[in-house]
Amino acid sequence: MWSEVFHRSRISPHVFVVAQAAADQVNQVVAGLGLPRATSNSLFDNAHWATSLLDGAVTRLRTYGLPALPSGTRVYGHRPLRLLCHLMELRPPARALTGERHVPDIDQLLADLDRQRQAEPQALLAQARTAMANDTQEVLTAVRVFFGDERLT
């Protein structure tokens with residue numbers, strides 16, 4: 001089931017935290033999609049990896065010291081979540097989740113992924129960098145950029 005791998009975030013209904021036991025598998029699936037990955041890693045600072053996926057992103061954060069946001073892998077967006085469920089052969093949510101306007105057709109998600117693979121790499125990297133967050137406020141900023149004001153959804 002999807003809920004064994006992805007957990008709803010308390011930050012936003014558009015963000016899902018990947019269970020630590022499944023993080024490597026999710027990261028491998030995303031790496032195999034052929035999309036560019038943005039990274040940020042410097043001495044004495046948090047390390048970020050992010051890949052734009054459909055209208056959202058998949059991020060990985062490794063924090064040092066006392067983090068404002070815990071280390072881990074996160075998925076931004078319902079459509080990326082549902083695509084990952086399909087690619088990982090997980091049973092997806094049966095109905096629309098909080099903040100999700102409708103349940104997309106998997107064929108449409110796959111077609112959108114194919115179009116994204118043809119997109120300009122710099123645009124995809126910019127989208128991925130938007131998802132890199134060190135704290136809750138930066139996550140909420142990325143959610144607003146990707147999905148608009150969630151109070152309106």
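Residues numbered from 1 in each chain as written. Predicted model: local features only at pLDDT ≥ 70, side-chain atom pairs only at ≥ 80, totals over all residues. Heavy atoms only, no water.

A. Layout of unusual backbone geometry. The phi torsion at Leu54 lies on the positive side, around 55°, for a residue other than glycine. On the basis of relative accessibility, which here comes to 10%, the residue Leu54 falls in the buried class. A positive phi is found at Glu89, a non-glycine position, where the angle reads about 55°. (Buried < 20%, exposed > 50% of the residue type's maximum accessible area, 1.4 Å probe, protein only.)

B. Expanded view of helix α1 (residues 23–31). The complete set of buried residues in α1 reads Ala23, Val26, Asn27 and Val30. When α1 is viewed along its axis, its buried side chains cluster within an angular range of 100° and face the same direction. Along α1, the residues that are exposed and aim more than 90 degrees away from the buried face are Asp24 and Gln28. Residues of α1 that are buried make contact with β1 (6–8), β2 (15–18), β4 (47–53), β5 (56–62), β6 (72–76) and α2 (78–87). (Helix = DSSP H or I, 4+ residues; strand = E, 2+ residues; numbered from the N terminus. Arc of directions from axis to C-beta. Contact = heavy atoms within 4.5 Å.)

C. Main features of the nonpolar core. Phe6, Val26 and Leu53 are the most contacted members of the largest nonpolar core, which has 25 residues in total. Elements that contribute at least two residues to this core include exactly β2, α1, α2 and α3 (106–117). Counting residues per element, this core draws most heavily on α2, which supplies four residues. If we skip the residues at most four places from it in the chain, Phe6 touches Phe16, Val17, Val18, Val26, Val75, Leu81, Leu84, Cys85, Met88 and Leu90. Counting 12 residues, the second-largest nonpolar core is a separate cluster that includes Tyr76, Ala133, Ala142 and Val143. (Core = buried A, V, L, I, M, F, W, Y, C linked by side-chain atoms within 4.5 Å.)

D. Representation of the pattern of salt bridges. What the rule picks out here adds up to five salt bridges. Across the pair Asp55 and Arg79 runs a salt bridge whose closest N-O atoms are separated by 3.7 Å. Taken together, the residues Asp55 in the loop between β4 and β5 and Arg79 in helix α2 connect sequence positions 24 residues apart. A relative accessible area of 23% means that Arg79 is categorised as partly exposed. A salt bridge links Arg82 to Glu100; the nearest nitrogen and oxygen atoms lie 2.6 Å apart. Of the two residues, Arg82 sits in helix α2 while Glu100 sits in the loop between α2 and α3, which places them 18 residues apart along the sequence. Taken together, the shared-partner salt bridges connect Asp55, Arg79, Asp112 and Arg115 into one network. (Salt bridge = Lys/Arg side-chain N within 4 Å of Asp/Glu carboxyl O.)

E. Region of the structure containing the pairing of β4. In terms of burial, β4 is largely enclosed, as seven of its seven residues are buried. In β4, alternate side chains face the same way, and those of Ala47, Trp49, Thr51 and Leu53 on one face and His48, Ala50 and Ser52 on the other are all buried. Hairpin connection of β4 to β5: two residues between the antiparallel strands, including Leu54 at a positive phi of 55°. (Pairing = 2+ DSSP bridges.)

F. Local environment of the sheet that holds β2. The strand order across the open sheet built from six strands is β1-β2-β6-β5-β4-β3, with neighbouring strands paired in antiparallel fashion. Edge positions in the sheet fall to β1 and β3 (37–40), since each has one partner strand and no second. Neighbour to neighbour, the strand axes of the sheet diverge by 25° on average, direction disregarded. With five bridges connecting them, β5 and β6 associate as antiparallel partners. Bridge assignment links Thr59 to a residue of β6, and that residue is Arg74. Those strands touched by α2 are β1, β2, β4, β5 and β6, and its axis lies near 115° from that of β6. (Axes fitted to C-alpha atoms, helices over the stretch in contact; angles between N-to-C directions.)

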